Amino acid sequence: MSERPNHHADPRQRAAQALVLIEQDGQGSQAALRQVLDTAPALAGPDRGLCTELVYGVLRRRRPLDRWLELSCRQGLYDLEEPTLAILRLGALQLADLRIPPHAAVHATVETAKRLLPHKQIPFVHAVLRSLAQRLLDGDRPDDRDLPDWLARRAQAWATRAHVDGAALERALSQPAPLFVHALDGDGPRLIAELAVEGVVLAPLDGAQVPGVGRVADGKFLQSQVFSARRALAQDAASAAVVEWLADWLATQPPSRVADIAAGHGVKSARLVHTGAAVTAIDKNGDKLLHAVQLCDQIGHPLAATITGDACKDLGIPLGSFDAILLDAPCTALGTLRRRPELRHRRMASDILRMAELQARLLRQAARWLRPGGVLLYAVCSFTEEEGPQQIAQFLHENTDFQRFPGQSPWLADWLDDHGDLVSAPVRGGVDGFFAARLQKSA
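Rules used throughout
- Residues numbered from 1 in each chain as written.
- Predicted model: local features only at pLDDT ≥ 70, side-chain atom pairs only at ≥ 80, totals over all residues.
- Heavy atoms only, no water.
- Core = buried A, V, L, I, M, F, W, Y, C linked by side-chain atoms within 4.5 Å.
- Buried < 20%, exposed > 50% of the residue type's maximum accessible area, 1.4 Å probe, protein only.
- Helix = DSSP H or I, 4+ residues; strand = E, 2+ residues; numbered from the N terminus.
- Contact = heavy atoms within 4.5 Å.
- Pairing = 2+ DSSP bridges.
- Expected span 1.5 Å × (residues − 1).

Q: Teacher, can you tell me more about the nonpolar core here?
A: Side chains of nonpolar character tend, in soluble globular proteins, to be buried together. Counting residues in each nonpolar core, the largest one holds 101 residues, and the members touching the most others are Phe221, Ile261, Ile325, Leu376 and Trp415. Here the element with the most residues in this core is helix H11 (residues 237–250); it accounts for ten residues. Every residue in contact with Leu376, bar those within four places of it in the chain, is listed here: Ile325, Leu327, Leu363, Ala366, Leu370, Phe395, Phe402, Ala437, Arg438 and Leu439. With 49 residues, the next largest nonpolar core counts Leu37, Tyr56, Leu88 and Leu90 among its residues.

So this is what it looks like as structure tokens:
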């Protein structure tokens, strides 16, 4: 990207840079956005919001935008370099989906192109965008088929299993995800009152409830004192439901030894240490575990231990070491498409079987580390049959000393399916798509 000097922060320029980082360099959308938003001079206010809207809008709508663009590009899109393609997609999004007058969208996008592209590319970009603007006036718009065909079929199968409307579910997967807040001490009412003083308004979940969880309706939660003190974290309600499901059981036990496998940055560990449990966080990524240690130290409930390594192996951990295990397993993460829209372009159908095989190995090792009578909670932020229901069915077939142990907490009633497994979908309360099963090992 041949960037020329620019002494002001242009949200369209930053959006194009983020898209190149995502599409060409393989970065995740959240990391790429953080990088471009905070590069000096940092974007703020409406410009920050516009940049974010542009990046996520292009990622969600890339397929229909590309089909629309192709009709105005005589040579097609395949030979275009990524910076040029990013600029064209941004222009197409503004023309088709945002409330920006066509002349303004074309002018602003061309000005951005002048800062980022070789001069010889500018007439081409201008011509394509003018063609799109004219077609828009003639009633020609992009279609609404945002998902690749194989993923759309998977979403329909998920809708059938979850007893929800398939078209509504597919639309929901292309919408922005709401922000949820999870009180680490589980005291939701007190948290709501304190956040209200800071101008952060939490609304009841428009669906199933989760202890200590609210949806941000208005206000800057991430700038609040409650967040800076790590008394509450930003966490999707379905993800919070998973950890609360295990916390329910821990509340009935003496202080417990808990393993958080694939612990990542420690958000779930932070809730578990609040129960009084001695939590061992396990992950292959040492940098993520460092974040987990820092988070739990900040909230005043340190982790008991961390182990950096592959949890498919024994890692020197004796059999039966833990009273409870949370395995929030690596997965295709298709249930988080609204938060990570780039996954709809990166994932392939073959990834499902690959991840399911890894999950099966992790489950087998977790079963060895769990003591008799202990509880294993398996979760994935995916909606595929192989990673969820089939995975648990196969595990229970091979491990007859385990059985489902859903529990009786009233809040679970709207989360559990007929088998006693937790199943969520964005058409129910705007939450991510999760599958989880709570299992108990025979004493």
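Q: What is the right way to look at the pairing of strand E3 (residues 213–218) in this model?
A: Successive residues of a regular strand alternate their side chains across the two faces of the sheet. Judged from the three bridges that link them, strand E1 (residues 180–183) and E3 form a sheet pairing that is antiparallel. Counted as the bridge partner of Phe180 is Arg215 from E3. Strand direction decides the pairing type here: strand E2 (residues 201–203) and E3, joined by three bridges, are antiparallel. Paired with Leu202 across the two strands is Val216, which belongs to E3.

Q: Just to check I follow, could you spell out unusual backbone geometry for this structure?
A: Excluding glycine, most residues fall at negative phi; most peptide bonds, likewise, are trans. The peptide bond linking Ala40 to Pro41 adopts the cis configuration, its omega dihedral lying at -10 degrees. Its place among the elements puts Pro41 in the loop between helix H2 (29–38) and helix H3 (45–70). Positive phi, close to 60 degrees, is recorded for His163, a residue that is not glycine. Along the chain, the position of His163 falls in the loop between helix H7 (149–162) and helix H8 (166–172).

Q: What should I look at first to understand helix H1 (residues 11–23) in this one?
A: For the α-helix, the turn length of 3.6 residues means that residues three or four positions removed from each other point alike. Between its terminal C-alpha atoms H1 stretches 18 Å, which fits the 18 Å expected from 13 residues at 1.5 Å a residue. Considering only its buried residues, H1 is in contact with H2, H3, helix H4 (82–96), helix H5 (102–116) and helix H14 (343–346).

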